Structures are given as structure tokens and as C-alpha cells.
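Read off the chains here:
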Amino acid sequence: MKETVPVHSASAVIDARIKEISDWRGKMLAKVRGIVHAADPEIVEEWKWAKATSPGIPVWSHGGIVCTGETYKNAVKMTFAKGATLKDPAGLFNSSLEGNVRRAIDIHESEKINEAALKDLIRAAVALNLKGKSKPKPRRASSKRAG
């Protein structure tokens, strides 16, 4: 099985996944997806990391991975690829706090989502990705001299 589903069919795979999860987690994943799109209409949906032991997960990208939407038995987890770098004034991050790069939000059944704060976090993640893309990397000076 391929690691990444082509972008044009990723949305259909995510639709199918949401339908397949018929309990609160499917509804929550659909809600999170809606918030992601509301925060950044230019976001691209992808389906990544599918393999024999895992069906894969939804990924939302803009200038790089913004976040993923994983479903577990007791939570829907939004993992932000560069979450450790983002300011989180509303304190949404509640999982994967010990890492140096990623941060996650575990959303449990019947929890309310602070949609305004989540949209701000998504927009900040996109801005961070785009900031990294706009500057060319400085070239290292060669140790060899022309001569």
C-alpha cells in the first residue's frame, strides 16, 4: 500500500473514514476538519502513513504539515507538527508536551472545543510553515578558495 494517497482523493478517504467511525469520534473528527478549513481555506487535505498495520491518518497541510487528525479509543488527537514552537495562550495543548517539536490536543467525548483559540493555533502553524518557505536557506561558504 502507498504511504500517501493522491491529494485529489484524500478528501474522499477522509469522508469515508468519518463515516466508518460512527460514534462520537467520527463527529468530532468532522468538527475538527471543519474548524481547520474555516481557519485556513487554502489548507490541503492529505491521507498519509497508510500501511498493512494501519489505515493511515488525515493530514492538513499548507506550506508543510500543519496538523494531523487521529482517532483513538478515548480521544480524537490533533497533532501539530511544529507545535512546540507555537504560542498557546489558551492552553489547548494537553498531550505530547515533553517533545521538542510536536504538540497535541486530545479531545475527549463531550468536551467543548475552544474554536476561536483552535483557529488561531492553526493560523499560527500555517504562518510558521510559510515563514520557513519564504526565505532561501543561506549557503555555506566553501572552504575551498578559487585560485
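Residues numbered from 1 in each chain as written. Predicted model: local features only at pLDDT ≥ 70, side-chain atom pairs only at ≥ 80, totals over all residues. Heavy atoms only, no water.

Caption draft 1: Quick look at the overall build of the chain. For the chain, the count of helices and strands is three helices and six strands. The secondary structure elements of the chain, listed N-terminal to C-terminal, are β-α-α-β-β-β-β-β-α. Relative to its full complement of 147 residues, the chain shows a buried share of 41%. For the chain, the computed accessible surface area is about 9,300 Å², with 53% contributed by carbon and sulfur atoms. (Helix = DSSP H or I, 4+ residues; strand = E, 2+ residues; numbered from the N terminus. Buried < 20%, exposed > 50% of the residue type's maximum accessible area, 1.4 Å probe, protein only. Areas by Shrake-Rupley, 256 points an atom, 1.4 Å probe, with all protein chains shown as cover.)

Caption draft 2: Here's a closer look at helix α2 (residues 24-39). Over its 16 residues, α2 extends 22 Å from the first C-alpha to the last, a length consistent with the 22 Å expected when each residue adds 1.5 Å. Trp24, Arg25, Gly26, Met28, Leu29, Val32, Arg33, Ile35, Val36 and Ala39 are the residues of α2 that are buried. The distance from a side-chain oxygen at the start of α2 to the backbone nitrogen of Arg25 is 3.0 Å, and the residue carrying that oxygen is Asp23. (Expected span 1.5 Å × (residues − 1). Polar contact = N/O pair within 3.5 Å; in protein donor to acceptor, adjacent residues only side chain to side chain.)

Caption draft 3: Fine view of the pairing of strand β2 (residues 44-48). Among the five residues of β2, four are classified as buried, and the element is accordingly described as predominantly covered. Two elements, β2 and strand β3 (residues 57-61), share five bridges in a ladder whose sense is antiparallel. Pairing of Lys48 across the sheet is with Ile57, part of β3. (Pairing = 2+ DSSP bridges.)

Caption draft 4: The side chain of Asn129, seen in detail. Of note, Asn129 is situated in helix α3 (residues 115-134). For Asn129, a relative accessible area of 2% puts it in the buried group. Leaving out residues up to four positions away in the same chain, Asn129 has contacts with His62, Gly63, Gly64, Ile65, Val66 and Lys82. (Contact = heavy atoms within 4.5 Å.)

Caption draft 5: Focus on the nonpolar core. One finds Val32, Val36, Met78, Phe80, Ile105, Leu118 and Ile122 to be the most contacted residues of the largest nonpolar core, which totals 31 residues. Among the elements of the structure, α1 (7-20), α2, β4 (65-71), β5 (76-80), β6 (103-107) and α3 are those that each provide at least two residues to this core. With seven residues, the top contributor of residues to this core is α2. Once residues within four sequence positions are removed from consideration, Ile122 is found in contact with Ile35, Val36, Ala39, Val66 and Phe80. (Core = buried A, V, L, I, M, F, W, Y, C linked by side-chain atoms within 4.5 Å.)

Caption draft 6: Inspection of the pairing of β4 at higher detail. The buried fraction of β4 amounts to six of the seven residues, a majority that puts the element mostly inside the structure. Once β3 ends, the chain turns through three residues before running back antiparallel as β4, passing Gly63 with a positive phi of about 75°. Of the pairings in the sheet, the one linking β4 to β5 comprises five bridges and is antiparallel in character. The residue of β5 that forms the bridge with Glu70 is Lys77. Between β4 and β5, which pair antiparallel and follow one another directly, the connecting turn spans four residues.

Caption draft 7: Representation of the packing of aromatic side chains within the structure. One pass over the structure, following the stated rule, counts one aromatic pair. Note on Phe80 and Phe93: the rings are 5.5 Å apart at their centroids and 75° apart in plane angle, and the pair reads as edge-to-face. Residue Phe80 is found in strand β5, and its partner Phe93 is found in the loop between β5 and β6; the two are separated by 13 residues along the sequence. Classification of Phe80 by relative accessible area gives buried; the value is 0%. (Phe/Tyr/Trp six-rings, centres within 6.5 Å; stacked < 30°, edge-to-face > 60°.)

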